[in-house]
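What follows is the residue order along each chain.
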Amino acid sequence: MSLPLIPVTPAGPAPGRRALLTRRVRLLVAATITYNVIEAVVAISAGAVASSTALIGFGLDSVIEVASAAAVAWQFAGPDPQARERVTLRVIAVSFFALAAYVSVEAVRALLGGAEAAHSPVGLVLAGLSVIVMPVLSAAQRRAGRELGSRSAVADSKQTLLCTYLSVALLVGLALNGLFGWSWADPVAALVIAVVAVREGRDAWRGDTCCATCGPGGPQA
């Protein structure tokens with residue numbers, strides 16, 4: 001007596017949908033890299049003019065963001081993105097740790113009596129624009145990465161989201177410093193961001209970056 005055959009449902013999206021999602025991730029990564037290159041140049045230049053360690057740190061964060069996005073672009077440029085997943089996650093994790101280390105050092109230096117930054121209208125506009133742009137890029141990449149089952153794409157979207165938090169911290173810090181002279185506001189907020197960066201870096205290193213569909217038995221990118 002033969003048992004009835006049970007149809008096996010393939011894990012993850014269909015090949016056509018997977019190809020579409022892969023192209024979408026590539027486009028989002030390219031947009032993230034382009035925006036962050038511009039952001040880094042503007043922030044570092046404005047920070048140097050205003051003697052603002054917060055702005056310079058924000059610009060360097062953009063450089064780290066570019067490295068993270070470039071790692072994902074490298075992964076999805078290959079014929080088998082899954083084979084490059086672990087290396088990409090390591091690069092993203094290290095970028096989180098590097099960001100946390102730099103932000104912590106600069107925040108402590110500022111709290112211990114670093115040079116007071118001048119008012120920077122350019123910095124305020126840049127931070128406000130990033131608060132709007134970064135969540136959109138992050139959410140779009142996170143949705144595509146989760147459906148695709150790619151831990152690295154989701155991890156990079158968290159890197160982009162962290163840039164949003166830094167943008168908010170920078171915006172609040174520059175505003176409070178400019179309005180009330182509260183020079184401690186920015187470094188305190190930066191230390192909070194550093195803690196978040198360490199946590200996200202740890203999750204990326206372990207591969208704990210995706211939704212339930214990326215768990216055991218779920219799709220792997």
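Here the structure is a predicted model, which means the values were calculated and not measured. (Residues numbered from 1 in each chain as written. Predicted model: local features only at pLDDT ≥ 70, side-chain atom pairs only at ≥ 80, totals over all residues. Heavy atoms only, no water.)

Chemist: Would you mind showing me how to read the packing of aromatic side chains here?
Modeler: How two aromatic rings sit relative to each other is set out by the distance from centre to centre and by the angle between their planes. Across all of its chains, the model carries zero aromatic pairs by this definition. One cation-aromatic arrangement involves Arg-90 over Trp-205; the distance from NZ or CZ to the ring centre is 4.1 Å. (Phe/Tyr/Trp six-rings, centres within 6.5 Å; stacked < 30°, edge-to-face > 60°. Lys NZ or Arg CZ within 6 Å of the ring centre and 35° of its normal.)

Chemist: What exactly am I supposed to notice about a nonpolar patch on the surface here?
Modeler: Taken together, the side chains of Leu-111, Leu-179, Phe-180, Trp-182, Trp-184 and Val-188 define a hydrophobic patch exposed on the protein surface, amounting to about 640 Å² of accessible area. Take Trp-184: it is sitting in the loop between α5 (151–180) and α6 (185–206). Since its relative accessible area comes to 47%, Trp-184 is described here as partly exposed. (Patch = residues over 30% accessible without salt bridge, like charges linked within 9 Å, V, L, I, M, F, W, Y side chains within 5 Å. Areas by Shrake-Rupley, 256 points an atom, 1.4 Å probe, with all protein chains shown as cover. Salt bridge = Lys/Arg side-chain N within 4 Å of Asp/Glu carboxyl O. Helix = DSSP H or I, 4+ residues; strand = E, 2+ residues; numbered from the N terminus. Buried < 20%, exposed > 50% of the residue type's maximum accessible area, 1.4 Å probe, protein only.)

Chemist: Looking at this model, I keep getting lost on the nonpolar core. Mind explaining?
Modeler: One broad trend across soluble globular proteins is that nonpolar side chains are buried collectively. Val-25, Phe-58, Leu-162 and Leu-170 are the most contacted members of the largest nonpolar core, which totals 43 residues. For this core, the secondary structure elements donating two or more residues are α1 (15–50), α2 (53–77), α3 (85–111), α4 (121–148), α5 and α6. Leaving out residues up to four positions away in the same chain, Phe-58 has contacts with Glu-39, Ala-43, Leu-126, Ser-130, Cys-163, Leu-166, Ser-167 and Leu-170. (Core = buried A, V, L, I, M, F, W, Y, C linked by side-chain atoms within 4.5 Å. Contact = heavy atoms within 4.5 Å.)

Chemist: What is the right way to look at the side chain of Ser-157 in this model?
Modeler: Inspection of the secondary structure puts Ser-157 in helix α5. Take Ser-157: its relative accessible area is 0%, and that puts it in the buried class. Excluding residues that lie within four positions of it along the chain, Ser-157 makes contacts with Ser-138, Gln-141 and Arg-142.

Chemist: I keep staring at the packing of α2 against α4 and nothing clicks. Help me out?
Modeler: The interhelical angle for the contact between α2 and α4, taken along N-to-C directions, is 20 degrees, at an axis separation of 14 Å. The pairing of α2 with α4 is recorded here as roughly parallel in orientation. In this structure, the crossing between α2 and α4 has a hand that is left-handed. The residues of α4 that touch α2, namely those facing Leu-55, Phe-58, Val-72 and Phe-76, are Gly-123, Leu-126, Ser-130, Gln-141 and Leu-148. Looking at side-chain class alone, the contact of α2 with α4 contains six nonpolar, three polar and no charged residues. (Axes fitted to C-alpha atoms, helices over the stretch in contact; angles between N-to-C directions. Parallel < 35°, antiparallel > 145°, perpendicular 65-115°, else oblique. Left-handed = near helix turned anticlockwise from the far one by under 90°. Nonpolar A, V, L, I, M, F, W, Y, C, P; charged D, E, K, R; others polar.)

Chemist: Whenever I open this one, the environment of Gln-82 confuses me. Can you help?
Modeler: Within the secondary structure, Gln-82 sits in the loop between α2 and α3. Separated by 68 residues in sequence, Gln-82 and Ser-150 place their C-alpha atoms 8.2 Å apart.

Chemist: What is the right way to look at the side chain of Ser-152 in this model?
Modeler: By the secondary structure assignment, Ser-152 is in helix α5. Ser-152 sits in the buried class, given a relative accessible area of 0%. Of note is the side chain of Ser-152, whose polar atom sits 3.1 Å from the side chain of Glu-85. Filtering out sequence-adjacent residues up to four positions away, Ser-152 remains in contact with Val-72, Gln-75, Phe-76, Glu-85, Thr-88, Leu-89 and Ile-92. (Polar contact = N/O pair within 3.5 Å; in protein donor to acceptor, adjacent residues only side chain to side chain.)

Chemist: How do you make sense of the packing of α2 against α3 when you look at a structure like this?
Modeler: Angle between the axes and distance between the axes are the two parameters that describe a pair of packed helices. Where α2 meets α3, the axes come as close as 9 Å, and the angle between the chain directions of the two elements is 175 degrees. As summarised for this structure, α2 and α3 are arranged roughly antiparallel, according to the angle between their axes. Between α2 and α3, the residues in contact are Thr-53, Ile-56, Gly-57, Leu-60, Asp-61, Ile-64, Ala-67, Ser-68, Ala-71, Val-72, Trp-74 and Gln-75 and Glu-85, Val-87, Thr-88, Val-91, Ile-92, Ser-95, Ala-98, Leu-99, Tyr-102 and Glu-106, respectively.

Chemist: So what exactly am I meant to see when it comes to the confidence of the model for the protein chain here?
Modeler: When pLDDT is low, close inspection of the predicted coordinates is not appropriate. Counting all residues, the mean pLDDT for the protein chain is 79, and 86% of those residues have values of 70 or more. pLDDT under 50 marks residues 1–10. Its contacts with residues more than four places away, or in other chains, come to zero contacts. Within the model, the stretch residues 210–221 combines pLDDT values under 50 with 30 contacts to residues more than four positions away or in other chains. (pLDDT = per-residue confidence, 0-100.)

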